[in-house]
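Structural characterization, general
Here's the letter readout for the chains.
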Amino acid sequence: MTTERERGTQPTDVLSDTQRVRASIARAKFEWETTVDALPDLIGLLDSAGRVMRVNRVVERWNLGSITNVLGRDLHGLLHDECAAEACALKAALESAESAARSGEVREFELRDAMLGRALSVTLRPMTSVGEEAVGTDCFAVAIVADVTALHLAREALHALNAELEMRVRLRTDELADANRDLQNEIMRRAAAEQALRRSRNELELLSRQQIATQENERKRIARELHDSVGQQLSAIKYSLERIELALEARIPEAQRQVLRRAVTGLQDVLEELRGIAMNLRPAVLDDLGAASAVSWFCREFAQSYPALQLQEAVSVRDVDVPERLGTAVFRSVQELLNNVAKHSQAHKVMVSLSRRVDRLVLEVNDDGVGLGRNPSPPALRSGRGIHNLRERAEMTGGQFTLSSGDSGVGSHARIEWHLAAAESTKPDGPEVAWRAAD
Ligand SMILES: Nc1ncnc2c1ncn2[C@@H]1O[C@H](COP(=O)(O)OP(=O)(O)OP(=O)(O)O)[C@@H](O)[C@H]1O
Ligand SMILES: [Mg+2]
Ligand SMILES: [Zn+2]
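Read on for an overview of the structure. (Residues numbered from 1 in each chain as written. Chains lettered and ligands numbered in written order. Predicted model: local features only at pLDDT ≥ 70, side-chain atom pairs only at ≥ 80, totals over all residues. Heavy atoms only, no water.)

**So, helix H1 (residues 17–38)**
One full turn of an α-helix is made of 3.6 residues, so residues set three or four places apart face in the same direction. Along its 22 residues, H1 runs 31 Å from first to last C-alpha, staying within 8% of the 32 Å computed at 1.5 Å per residue. For H1, every residue scored as buried is listed here: Ala23, Glu33, Val36 and Asp37. Take H1 and look down its axis: the buried residues cluster within an arc of 150°, on one side only. Structural note: H1 exposes Asp17, Trp32 and Ala38 on the side pointing more than 90 degrees away from its buried face. Residues of H1 that are buried make contact with strand E1 (42–47), strand E2 (52–55) and helix H2 (58–61). (Helix = DSSP H or I, 4+ residues; strand = E, 2+ residues; numbered from the N terminus. Expected span 1.5 Å × (residues − 1). Buried < 20%, exposed > 50% of the residue type's maximum accessible area, 1.4 Å probe, protein only. Arc of directions from axis to C-beta. Contact = heavy atoms within 4.5 Å.)

**Some thoughts on the pattern of salt bridges**
As enumerated under the stated definition, the model contains 33 salt bridges in all. Among the salt bridges present, the one from arginine 360 reaches glutamate 417, with a minimum N-O distance of 2.8 Å. With arginine 360 in strand E8 (residues 360–367) and glutamate 417 in strand E10 (residues 412–419), the pair connects residues that are 57 residues apart, well separated along the chain. Classification of arginine 360 as partly exposed rests on a relative accessible area of 25%. Given a relative accessible area of 15%, glutamate 417 falls into the buried group. (Salt bridge = Lys/Arg side-chain N within 4 Å of Asp/Glu carboxyl O.)

**As for the coordination of the magnesium ion (ligand 2)**
Donor atoms from the polypeptide that coordinate the magnesium ion (ligand 2) comprise Glu336 (OE) and Asn340 (OD1), at 2.0 to 2.1 Å from the metal. Of this pair, glutamate 336 and asparagine 340 both sit in helix H11 (residues 324–345), 4 residues apart, roughly one helical turn. Accessibility expressed as a relative area gives 15% for asparagine 340, which makes it buried. (Donors = N, O, S within 2.8 Å, 3.2 Å for Na, K, Ca; no water.)

**Comments concerning the site of ligand 1**
Among the 16 residues in the neighbourhood of ligand 1, the closest are listed as Glu336, Asn340, His344, Arg385 and Ile387. Within the side chain of glutamate 336, a nitrogen or oxygen atom sits 2.8 Å from an oxygen atom of ligand 1. Protein contacts shield 81% of the accessible area of ligand 1, which totals 590 Å² for the unbound molecule. For the shell around ligand 1, the secondary structure elements donating two or more residues are H11, helix H12 (379–383) and helix H13 (386–396). Considering every element that reaches the shell around ligand 1, the biggest residue donor is H11, with 6 residues. (Near = heavy atom within 4 Å. Polar contact = N/O pair within 3.5 Å; in protein donor to acceptor, adjacent residues only side chain to side chain. Areas by Shrake-Rupley, 256 points an atom, 1.4 Å probe, with all protein chains shown as cover.)

**Structural notes on the sheet that holds E1**
Backbone-to-backbone hydrogen bonds join strands into a sheet, with any given pair of strands oriented parallel or antiparallel. Strand order in the open sheet formed by 5 strands is E2-E1-E5-E4-E3, and the pairing between neighbours is antiparallel. Both outer strands of the open sheet, E2 and strand E3 (107–113), are each paired with one neighbouring strand and no more. When the angles between neighbouring strand axes are averaged without regard to direction, this sheet yields 25°. Note that E1 and E2 share 3 bridges and pair antiparallel. (Pairing = 2+ DSSP bridges. Axes fitted to C-alpha atoms, helices over the stretch in contact; angles between N-to-C directions.)

See the structure below:
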């Protein structure tokens, strides 16, 4: 630290006590100075006028000059060799720290010093008197100046990193918010489209239902007209002709009587036909009794019309077991399915079953005919309206329709299953009806 270390020591055995004491003091001083020189921080002792009395070799490592050159300067002069700046931040800070030290305060500050190109951490610690020696040396304060450039740079890099990270997070958050908004819009758009679709489907269903109801009413009206008006008038005419025949029996020549007979028989046939047509349009039994009776009636009529086809009927439900809302659907389905069997199947046998299992009503029509072919949707299946209407009617009434061929592609199997609402689901206690031939 000072020139005293250059003096060296002499062998102890030839020295006087005073010399030995001095020598050990010198060694201690040398050791202490070497230690202080090895420290990375600049450490200096200031006298009462603020001048540097002692300083470690860091001044040389920082290129501030040799130790002998800097002794006697103030701390600002030591650090800023030729500073002419009026408003030097380091100078102001040092002055303030010095005056604080004078009133016994330790002062620490940090600053970025452009002239040194370093960030400094300065501590000015007043010397507290630890005995006579401290008072005698005129030491006023210890200055510790640490180079904290690396710390500053690291701190700045950390700040920059944090700022960038924050910016990225902000950007990403914005992106996510945008995506979320788009998603919300899309969800809303789809919900609106779905609602519109549902509405138009409902409207379509309503229209279909109305159309079917109108058709059924019209059929009922025509059937009634045919029966009540045309049928009654024809009956009246037949009755009149029979009266004439009876009244003129003896007087009428045989040839004319034959003509009259044929007219009466012809009228009888027309009345029968009329009755058939009216029944097919909408059998009164459907409205008067119910679907189960109507199905049975239709099976009998069908068996009479197609005597070559063996029909087995198993209606195991009573009229009250078929909810009123399903009556027409059940009857029209049997009508269409049986007519299809007659038209397309070339079957020998057909079985019709209408049954109920607590909460469901099941209609099945099976035949042993040619089947529907391998193609699940052969052209013919698409051409007719019957199956299409049947499916639509089933779906509209909450039923499920399936049509398939037998395992080996032979025969066809049609089935409609309706789920019944809780109020409709009374336990059926009707008779278990065995398969029986409709004759
Ligand atoms: N039981 C069956 N056996 C064999 N093929 C059938 C049977 N039922 C229907 N098909 C076939 O399915 C097609 C479609 O039947 P659908 O009832 O829809 O029409 P259609 O009877 O031909 O005409 P529509 O019923 O409109 O008078 C029929 O043309 C026929 O080829
Ligand atoms: Mg058909
Ligand atoms: Zn300065």
